[in-house]
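Fold and contact review
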Amino acid sequence: MARENWTSSIGFILASAGSAIGLGNIWKFPYMAGTNGGGTFVFVYLLCVFLIGLPVMCSEMLIGRVTRRNVINALGKIELISSSTFGRNILCFLAGAAMVLFASIHAWLLAGASLIGAVAFARKGFAAVGWVCAILSFAILSYYAVVGGWIVEYIWRSLTATFTDIEGVTAIEVAKQSTAEFGAYTANPWRVLIGFAIFMALTGAVILGGIQAGIERVSKILMPALFVLLLVVIVRSVTLPGAWEGVVFLLKPTAAAFSPKVIMMALGQAFFSLSLGMAITVTYGSYLKRDQSILHAAGWVGILDTLAALLAGLAIFPAVFSVGLDPSAGPGLIFGALPATFATMPLGAIWATAFFFMLLIAAVTSSASLLECTATVLIERMRKHHKRCTRRCAVWIAFITCSLAGLLSVFSTADWTYLPCVEKGVRWCLGSLTQGNWFDTLDNLCSNWGLPFTALIIALLIGWVYGTRRAKINLLSSDASKNPPKWLLTAWGISVKWIAPVAILIVFLTMSGLLKL
Ligand code: PHE
């Protein structure tokens, strides 16, 4: 079958932005900024996006375009083209080092997994990285869908106007009440389960029903609409009394708030938000025509994604400060602040419904790319072993197992009360990486350890195995007029080869306590 190409750069950019822009921008970015020192976090985050995230994104697109595979096996193919076993040795070394590190903090499950990884890397090289990507996308979807479920619940609440229909009550009271209500809501897993099931079903339907093209078309209209709506909410939020403090909190870095942990959180958030480290962008890149410039495309996706995150921050923090909420409240932050803002708007219920609905669409385009990633690896691997596995069957397997795995997050978003035995097991498996409930633990593992790890592998593959000289030629468009200035290419090369790998390694070593800064 002939491979389709993106008819225009715009189509490509919008589709990649569809995967990138999601709950990571609007739900996670504000609360991460809130718990990690506001402006300081934002500043480090921007550095991470532009110095490390975007170069890695270009590398993923490049791998896709060079190998023309829409599968994760593209990584193996790049190694093959490069005909070098150097990268394989580095991989084994990294996996071995990870094993020692995890054993030293008593994370026995991860130590075991690293051992298996080391053996797999020795035998199969970069092709085995596909499994890591599949496991990561599977794990991320299992808790991403829980947050998606919260959005479903909030669409319901705004439709029935439970939080906007409060006359004569001040925004401060609404905020306090909605924060308490959010706490009560997540403490009741059965209710959370309903939203989770609806969100998973939507994701499954998009992939199974083959309506991805349709949803992308819809999101081309709804994504810009989401931006417009964010602007409306910002206008309301910054005009609340005492809102300015929130803007300062978000944009002004302070040296006192700086710590190595902030760098790790910002780096993880950058990869999460840009959908990197899972080779999803490889698939997108495989459809990119030769006459399109990868640097341009990646630049645009990065700018749109960052803009969405900053706008979300500007929509949330002024309200948070105006109504006196705690900016470091964690995952529930937007569910306390947004209802308060909407409650003070004329026709608040309508704005709220529209906002949460568009957020849901943005979340579904992202979760669909996660489910697709798991399913693709399953199909590819099963085919390799001559087992018959149709696309349909792979998607069903991914969907069902992921829904089951998601139950763990559903039943432990408040605390471990419902799963005391699981808690013991998790502590044994993950050692000191266990943080609060399962939901937080998994998010920490995937975003702050998993994604940077796979991004590191991709940077090493392109920077050292494939080589930046060859890569630079392929990064360019065949149409010279579309090419970016030369210094940008040089900067890209330096980042992939040096900055990204060194920074990621330093973050790992510092966070595991082996290196003291
Ligand atoms: N980038 C998406 C978001 O910000 C989440 C995501 C992560 C999607 C990784 C795909 C892969 O919501």
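Calculation criteria
Residues numbered from 1 in each chain as written. Predicted model: local features only at pLDDT ≥ 70, side-chain atom pairs only at ≥ 80, totals over all residues. Heavy atoms only, no water. Helix = DSSP H or I, 4+ residues; strand = E, 2+ residues; numbered from the N terminus. Rg over C-alpha atoms; globule rule 2.2 N^0.38 Å. Buried < 20%, exposed > 50% of the residue type's maximum accessible area, 1.4 Å probe, protein only. Contact = heavy atoms within 4.5 Å. Areas by Shrake-Rupley, 256 points an atom, 1.4 Å probe, with all protein chains shown as cover. Lys, Arg positive; Asp, Glu negative; His and termini not counted. Charge placed at Lys NZ, Arg CZ, Asp CG, Glu CD. Phe/Tyr/Trp six-rings, centres within 6.5 Å; stacked < 30°, edge-to-face > 60°. Expected span 1.5 Å × (residues − 1). Arc of directions from axis to C-beta. Near = heavy atom within 4 Å. Polar contact = N/O pair within 3.5 Å; in protein donor to acceptor, adjacent residues only side chain to side chain. Nonpolar A, V, L, I, M, F, W, Y, C, P; charged D, E, K, R; others polar. Axes fitted to C-alpha atoms, helices over the stretch in contact; angles between N-to-C directions. Parallel < 35°, antiparallel > 145°, perpendicular 65-115°, else oblique. Left-handed = near helix turned anticlockwise from the far one by under 90°. Core = buried A, V, L, I, M, F, W, Y, C linked by side-chain atoms within 4.5 Å. Disulfide = S-S within 2.5 Å.

Looking only at helices and strands, the protein features 20 helices and zero strands. A compact globule built from 517 residues would reach a C-alpha radius of gyration of about 24 Å, and the protein, at 22 Å, matches this within 12%. If one aligns the C-alpha atoms of the protein with their principal axes, the spans along those axes are about 70 × 60 × 50 Å. For the protein, with 517 residues in total, the buried portion stands at 58%. Pairs at least 24 apart in sequence give 83% of the contacts found in the protein among residues at least 6 apart. Only carbon and sulfur atoms are counted for the fraction: they give 70% of the accessible area of the protein, which is about 20700 Å². Counting 35 positive and 20 negative side-chain charges, the protein places the centres of these two groups 16 Å from one another.

This structure, assessed with the given rule, holds 28 aromatic pairs. The interplanar angle of 85° and the centroid separation of 5.7 Å between the aromatic rings of Trp150 and Phe335 together place this pair among those described as edge-to-face. With Trp150 in helix α7 (residues 129-159) and Phe335 in helix α15 (residues 333-343), the pair connects residues that are 185 residues apart, well separated along the chain. The two residues Trp150 and Phe335 agree in class, both being buried.

This part is about helix α6 (residues 108-124). With 17 residues, α6 should cover 24 Å at 1.5 Å per step; its first-to-last C-alpha distance of 24 Å lies within 8% of that length. Taken as a whole, α6 has its buried residues at Leu110, Ala111, Ser114, Gly117, Ala118 and Phe121. The buried residues of α6 occupy an angular sector of 115° when projected down its axis, which confines them to one face. Those residues of α6 that are exposed and aimed more than 90 degrees away from the buried face are Ile116 and Arg123. Packing partners of the buried residues in α6 comprise α5 (86-104), α7, α18 (420-430) and α19 (438-475). After α6 finishes, the residue Gly125 shows a positive phi value of roughly 65°.

What follows deals with the site of the ligand. Taken together, 15 residues lie near the ligand, and Ala20, Gly24, Tyr144, Phe272 and Ser275 sit nearest. Within the backbone of Ala20, one N or O atom sits 2.9 Å away from an oxygen atom of the ligand. Take Asn25: an N or O atom from its side chain is 3.2 Å from an oxygen atom of the ligand. Protein burial of the ligand: of its 320 Å² of free accessible surface, 100% is covered by the chains. At the level of secondary structure, the elements contributing two or more residues to the shell around the ligand comprise α1 (9-20), α2 (23-35), α12 (260-273) and α16 (348-384). A class-by-class count of the residues in the shell around the ligand yields seven nonpolar, eight polar and no charged.

The next point concerns the packing of α2 against helix α3 (residues 39-67). Running from N to C, α2 and α3 cross one another at 125°; their axes reach a closest spacing of 7 Å. Here α2 is positioned oblique relative to α3, judged by the angle of their axes. Mapping the contact onto sequence places Phe29, Met32 and Ala33 in α2 and Phe41, Val42 and Tyr45 in α3. Each residue belonging to the contact of α2 with α3 can be placed in one class, and the counts come to six nonpolar, no polar and no charged.

By the element assignment, Ser178 lies in helix α8 (residues 171-186). From its side chain, Ser178 meets the backbone oxygen of Val174 in a polar contact 2.4 Å long. Not counting residues within four places of it along the chain, the set of residues in contact with Ser178 comprises Tyr154, Phe335, Gly336 and Pro339.

Following both chains from N to C, one finds α12 and α19 inclined at 65°, their axes separated by 8 Å at the closest point. Regarding α12 and α19, the two cross each other, and that crossing is left-handed. For the pair α12 and α19, the contacting residues are Met264, Met265, Gly268, Phe271 and Phe272 in the first and Ser447, Asn448, Trp449, Leu451, Pro452 and Ala455 in the second. Considering only residue class, the contact of α12 with α19 consists of eight nonpolar, three polar and no charged.

Counting 178 residues, the largest nonpolar core has Trp150, Phe355 and Phe356 as the members making the most contacts within it. For this core, the element with the highest residue contribution is α19, accounting for 20 residues.

Next up on the list: the environment of Gly450. Residue placement: Gly450 occurs in helix α19. A residue is classified by how much of its surface remains accessible, and Gly450, at 14% relative accessible area, is buried. Non-local contacts of Gly450, meaning those with residues more than four positions away in its chain, are made with Leu136 and Leu445.

Let us look at the state of the cysteines. Summed over the entire model, instances satisfying the criterion amount to zero disulfides. In this model Cys373 remains outside any disulfide bridge; the closest cysteine sulfur is found in Cys133, 6.1 Å from its own. Not engaged in a disulfide, the cysteine Cys421 finds its nearest cysteine sulfur in Cys429; these two sulfurs lie 13 Å apart.

Turning next to the environment of Gly149. With respect to the helices and strands, Gly149 occurs in helix α7. Once the C-alpha coordinates of Gly149 and Gly195 are considered, the two residues, 46 residues apart in sequence, prove to be 3.8 Å apart. Those residues within four positions of Gly149 in sequence are excluded, and the remaining contacts are Tyr185, Gly195, Phe196 and Phe199.

This part takes up helix α14 (residues 294-322). Given a rise of 1.5 Å per residue, 29 residues ought to cover 42 Å, and the 42 Å separating the end C-alpha atoms of α14 matches this to within 8%. In terms of residue burial, α14 counts as a mostly covered element, since 22 of its 29 residues are buried. One or two steps after α14, the chain reaches Gly324, where phi turns positive at roughly 75°.

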